[in-house]
Amino acid sequence: MTGVIDWSEAAPGDAMFDLAILTLGHEERLDDLLAGYGAGADRDVIRAWWSLRSLVASRWLIQHGFDPDMPGCEFDVLRSRMQEP
C-alpha cells in the first residue's frame, strides 16, 4: 500500500479548520467524517471555515487568472452557505 501525506496546509490551530478543508466542496461527506471524528466537532464552525477559506482562496485565484465562479469552486461554496435556512 502506498500513501501520500500532503503537509501544505499543516499548522497549529483549530481542528475544525482541518475538518473543513477535508470536506470543502463536499458537504455530503461531512456526516461520515464527523461520525469518525467523534464528539466535539462543531458544524457551525466548520461551515464558517468553509466560507473564510473560499473567500481567501478566491482572491488568489482571481489574481492568478483562475475563475472561482466555475461550478464546484469557491463561489459555489459561498452561494450554498447563503441558501441554507
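See above for the structure.
Residues numbered from 1 in each chain as written. Predicted model: local features only at pLDDT ≥ 70, side-chain atom pairs only at ≥ 80, totals over all residues. Heavy atoms only, no water.

Draft legend 1. Layout of the overall build of the protein. Helix and strand counts for the protein stand at four helices and zero strands. The helix and strand sequence of the protein, counted from the amino end, reads α-α-α-α. Based on the C-alpha atoms only, the size of the protein along its principal axes is roughly 40 × 35 × 25 Å. Put simply, the protein has 85 residues, and 22% of those count as buried. (Helix = DSSP H or I, 4+ residues; strand = E, 2+ residues; numbered from the N terminus. Buried < 20%, exposed > 50% of the residue type's maximum accessible area, 1.4 Å probe, protein only.)

Draft legend 2. Region of the structure containing the packing of helix α3 (residues 43–63) against helix α4 (residues 74–82). At their nearest, the axes of α3 and α4 sit 8 Å apart, and the two run at 145 degrees to each other. Between α3 and α4 lies a crossing of left-handed hand. Contacts between α3 and α4 pair Arg47, Trp50, Ser51, Ser54, Leu55, Ala57, Ser58, Leu61 and Ile62 from the former with Glu74, Phe75, Val77, Leu78 and Arg81 from the latter. (Axes fitted to C-alpha atoms, helices over the stretch in contact; angles between N-to-C directions. Left-handed = near helix turned anticlockwise from the far one by under 90°. Contact = heavy atoms within 4.5 Å.)

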